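Spelled out, the chains give:
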Amino acid sequence: MAFAMRVKVPPNSATLQEARHRTFDFFRAACRSIPSIMDIYNLYDVVTPSQLRSTIAAEIRKNAHITNPKVIDMLLFKGMEELSNITEHAKQRHHIIGQYVVGNQGLVQDVATKDENISKFLKNFYKTNYF
């Protein structure tokens, strides 16, 4: 079975500019793979391609303070490995949704509308440590 993308270990970056250039190349490759990821995992009902692109950019910006080219190369290798795992369907749909759609903010749940028709006894019961 042939896969579209293979992880190739590039030589280490000599300078920070070279590592920066490789980071932009990785970002372009990740953005170009978004349509196939949307098709593979059927994410059209959960997220838009622009939201996924923003998530990828946020993950890259999270490490913008790093100036060591070797560390940047290591992070790029991990990113390429993650991208190849996603494009080769090594993850399931709920992994993608949990890591890149929902993210660190968790599911936003509207609790106020659920508590409107609950009795006082149940409200007190839910507040206890036994629930």
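Shown above is the structure to which this text applies.
Within each chain, residue numbers correspond to sequence positions counted from 1 in written order. Since the coordinates come from a predicted model, pLDDT governs what is reported: local features require at least 70, and pairs of side-chain atoms require 80 or more to be given and counted, while whole-chain, interface and lining totals use all residues. The side-chain quantities take in all heavy atoms of the structure and omit both hydrogens and water.

> Looking at this structure, I do not really get the pattern of salt bridges. What am I missing?
Side chains that differ in sign of charge can pair as their charged atoms come close. Any carboxyl oxygen of Asp or Glu within 4 Å of a side-chain nitrogen of Lys or Arg constitutes a salt bridge here. For the structure on display, the rule yields 5 salt bridges. With its nearest N and O atoms 2.8 Å apart, the salt bridge here joins Asp45 to Arg93. With a gap of 48 residues between them, Asp45 in the loop between helix H2 (34-41) and helix H3 (49-61) and Arg93 in helix H5 (residues 93-102) connect regions that are remote in the sequence. With a shortest N-O distance of 2.6 Å, Glu82 and Lys91 are connected by a salt bridge. A run of H or I in DSSP becomes a helix once it reaches four residues, and a run of E becomes a strand once it reaches two; helices and strands are each numbered from the N terminus.

> When you look at unusual backbone geometry in this model, what are you seeing that I'm missing?
Note on backbone geometry: most residues besides glycine have negative phi, and most peptide bonds are trans. Located in the positive-phi region is Asn42, a residue other than glycine, with phi close to 50°. One can find Asn42 in the loop between H2 and H3.

> Can you help me understand the side chain of Asp73 in this one?
Within the fold, Asp73 resides in helix H4 (residues 69-87). One buried charged side chain, Asp73, makes no salt bridge at all; its nearest oppositely charged neighbour is Arg22, positioned 4.0 Å away. Note on definitions: a residue-residue contact is assigned when non-hydrogen atoms from the two residues lie within 4.5 Å. Look past the residues within four positions of Asp73 in its chain and what remains in contact with it is Asn12, Ser13, Ala19 and Arg22. A 1.4 Å probe rolled over the protein chains alone gives each residue an accessible area, and that area as a share of the maximum for its type sets the label: buried under 20%, exposed over 50%, partly exposed in between. For this count, His and the chain ends are skipped, Lys and Arg are scored as positive, and Asp and Glu as negative.

> Got a minute to help me understand the side chain of Lys91 in this structure?
Along the chain, Lys91 turns up in the loop between H4 and H5. Pairs of N or O atoms are called polar contacts if they sit within 3.5 Å, as long as, within protein, a hydrogen donor faces a hydrogen acceptor (for residues adjacent in sequence, only side-chain-to-side-chain pairs). At 2.6 Å, the side chain of Lys91 and the side chain of Glu82 are in polar contact. Within the local environment of Lys91, its side chain forms a polar contact with the side chain of Gln99, the two groups lying 2.9 Å apart. Setting aside its immediate chain neighbours within four residues, Lys91 contacts Tyr41, Glu82, Asn85, Ile86, Ile96 and Gln99.

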